[in-house]
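A closer look at the structure
Listed here are the chains, written in short residue letters.
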Amino acid sequence: MGVAKAWRLSVIPAKLALLQHPSGSLLSHKHECCRCRSSVAQPRKPISWSLICGLMLFCLGMISLFTGHVASDLEWYSQRLMKRRSYFRLEGINKGPIDIWKSDYANYFHGCSKRSRNFPHAVSEQSSNGYLLIGASGGLNQQRTGISDAVVVARILNATLVVPELDHNSYWKDDSDFADIFDVNWFISYLAKDVTIVKRVPDKFMRSMEKPPYTMRVPRKSPPEYYLDQVLPILQRRSVLQLTKFDYRLANNIDDELQKLRCRTNYHALRFRKSIQELGQKLVTRMRAMAKRFIAVHLRFEPDMLAFSGCYFGGGEKERYELGEIRKRWETLTDVDADGERRRGRCPLTPHEVGLMLRALGFANDTYIYVASGEIYGGEETLRPLRGLFPNFYTKEMLAEEELKPFLPFSSRLAAIDYIVSDESDVFVTNNNGNMAKILAGRRRYMGHKRTIRPNAKRLGPLMMERDQIEWDTFARKVKAFQKGFMGEPDEMRPGRGEFHEYPYSCICERPLGDVVDNKSEDPQFDQGIQGLKE
């Protein structure tokens with residue numbers, strides 16, 4: 001189906017301080033002038049040199065007292081400032097058309113998470129403050145953030161980390177353990193210099209305990225100081241401590257060395273077990289055999305996601321009832337205005353709308369796409385318009401029907417396969433700002449700023465609602481304009497912006513210009529950007 005025909009068939013009805021001046025200011029001004037003139041007329045008293053010398057000595061003493069803290073703070077802030085400069089120097093370069101398949105400026109940055117020589121080695125199991133048990137909650141990628149943060153927390157507490165337990169009671173009902181998904185031996189050995197990790201608390205130690213492990217849940221986004229003040233004393237007193245529902249329980253902005261430990265854990269230590277990795281790579285190989293490059297699209301159009309959003313997608317009373325029933329699972333959610341949510345950009349795009357966005361950006365009808373997704377609400381009927389826009393449409397079920405059967409009962413292992421293919425794709429398209437979208441966006445930035453497209457829902461949502469009133473060329477032009485800054489370019493990185501797992505700024509360094517191989521372009525804006533980087 002051509003894009004123009006799809007456009008004609010895609011009609012969706014459109015829905016609907018004054019500054020005050022005090023009176024008498026002139027009189028007050030004259031009064032002040034009189035006071036100034038009278039004070040000038042008075043003779044000045046000579047300043048005592050002994051007083052000056054005393055003040056200078058006092059200042060020198062204070063500087064000597066605090067010089068260590070001042071120096072360290074200056075070094076920390078200077079590092080942050082230099083990191084900002086690396087990205088700010090690219091500002092304004094990407095004003096013109098961009099390559100939809102890759103960033104012209106990705107070569108100027110690389111992932112860097114090596115531990116510094118000043119980062120002390122991990123304490124031994126015998127010398128640690130105790131054993132830290134972690135219960136990671138949610139699905140695969142939410143658990144991944146929890147595991148990465150757990151390693152950092154164990155480091156902060158000088159604790160021995162027990163291999164985290166995965167949530168078996170979440171919406172996905174997956175009873176996989178850590179070793180069923182990740183290479184546990186690699187995880188332990190890779191992080192050995194940073195944190196001591198064991199598979200379980202020694203039985204002899206557990207039998208000697210007078211009380212069972214103390215269990216607690218820390219507040220979300222807790223800073224390191226909270227763990228040192230509130231958690232460490234309990235760990236030292238009880239020797240074994242369990243932290244439950246551990247997801248996003250560590251602050252976003254922490255010391256750069258600890259941020260790099262987050263990256264080492266997430267991007268290197270958390271390696272999928274061999275059977276999952278091999279099948280994921282097989283699917284990548286099969287996609288590459290059909291096309292030199294391909295797009296991976298994470299639709300995230302499952303019933304739970306749609307129900308949680310409170311949005312309406314045109315399915316009539318049947319949709320309203322079904323999603324309304326699922327929404328009741330979250331007791332804290334209130335009724336929302338579905339049209340209002342969509343106009344405010346709080347609703348995911350439909351698969352059809354994702355396809356229209358990609359065609360408007362310039363991806364041709366013969367582009368190969370891999371759809372990473374669980375159960376799509378509406379099934380084949382929902383996917384049909386996307387297939388019409390991109391006939392070369394594949395899923396893991398289509399590429400590995402028989403080989404996939406052992407994994408079918410386990411949603412986290414299926415998600416891991418989608419993760420691998422999406423990570424290896426030339427372009428990754430996310431349809432929401434969920435955990436997989438954030439984790440993969442951060443990883444792809446770390447691995448070379450591979451093209452990652454996130455719909456600018458705030459602008460695209462209203463545009464999609466009004467697209468029946470717009471010509472295709474106008475629509476495409478607006479999509480391209482709205483997507484500037486949402487295409488995974490290096491200049492989108494900002495220290496402190498968003499979740500660290502999505503924007504791992506502490507772990508991305510600027511590459512010396514002399515090391516960049518591909519620095520030739522006929523684009524004058526590119527040449528201007530190169531000159532700006534040299535200055």
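Residues numbered from 1 in each chain as written. Predicted model: local features only at pLDDT ≥ 70, side-chain atom pairs only at ≥ 80, totals over all residues. Heavy atoms only, no water.

What follows concerns the confidence of the model for the protein. Residue-level pLDDT values for the protein average 83, and 78% of them are 70 or greater. Per-residue pLDDT stays below 50 along residues 518–535; that stretch engages in 23 contacts with residues further than four places along the chain or on separate chains. (pLDDT = per-residue confidence, 0-100. Contact = heavy atoms within 4.5 Å.)

A separate point is the state of the cysteines. A covalent bond between the sulfur atoms of two cysteines is what we call a disulfide. Per the stated rule, a full pass over the model turns up three disulfides. Paired through a disulfide, Cys112 and Cys509 show a sulfur-sulfur distance of 1.8 Å. The S-S bond linking Cys112 to Cys509 shows a torsion near 85 degrees; that makes this disulfide right-handed. Of this pair, Cys112 sits in the loop between β1 (109–111) and β2 (131–136) while Cys509 sits in strand β13 (residues 508–510), placing them 397 residues apart in sequence. Taking the relative accessible area as the measure of exposure, Cys509 reaches 23% and is therefore partly exposed. Shown here is the disulfide that connects Cys311 with Cys347, its sulfur atoms set 1.9 Å apart. Between Cys311 and Cys347, the disulfide has an S-S torsion of -90 degrees and is therefore left-handed. (Disulfide = S-S within 2.5 Å. Helix = DSSP H or I, 4+ residues; strand = E, 2+ residues; numbered from the N terminus. Buried < 20%, exposed > 50% of the residue type's maximum accessible area, 1.4 Å probe, protein only.)

Once that is clear, we can look at helix α20 (residues 472–482). Each turn of an α-helix holds 3.6 residues, which means side chains three or four residues apart point in the same direction. Buried within α20 we find Trp472, Phe475, Ala476, Val479 and Phe482. Angular distribution of buried residues about the axis of α20 spans 130 degrees; they occupy a single face of the element. In α20, the exposed positions that point more than 90 degrees away from the buried face belong to Asp473 and Arg477. (Arc of directions from axis to C-beta.)

On to the packing of helix α10 (residues 274–290) against helix α17 (residues 411–424). The contact between α10 and α17 brings their axes to 9 Å, and the two run at 45 degrees. In terms of axis orientation, α10 runs oblique to α17. The interaxial crossing formed by α10 with α17 has right-handed handedness. Residues Ile276, Gln277, Leu279, Gly280, Gln281, Leu283, Val284 and Arg288 of α10 form the contact with α17, whose participating residues are Arg413, Ala416, Ile417, Ile420, Val421 and Glu424. Its residues assigned to classes, the contact of α10 with α17 comprises eight nonpolar, three polar and three charged. (Axes fitted to C-alpha atoms, helices over the stretch in contact; angles between N-to-C directions. Parallel < 35°, antiparallel > 145°, perpendicular 65-115°, else oblique. Left-handed = near helix turned anticlockwise from the far one by under 90°. Nonpolar A, V, L, I, M, F, W, Y, C, P; charged D, E, K, R; others polar.)

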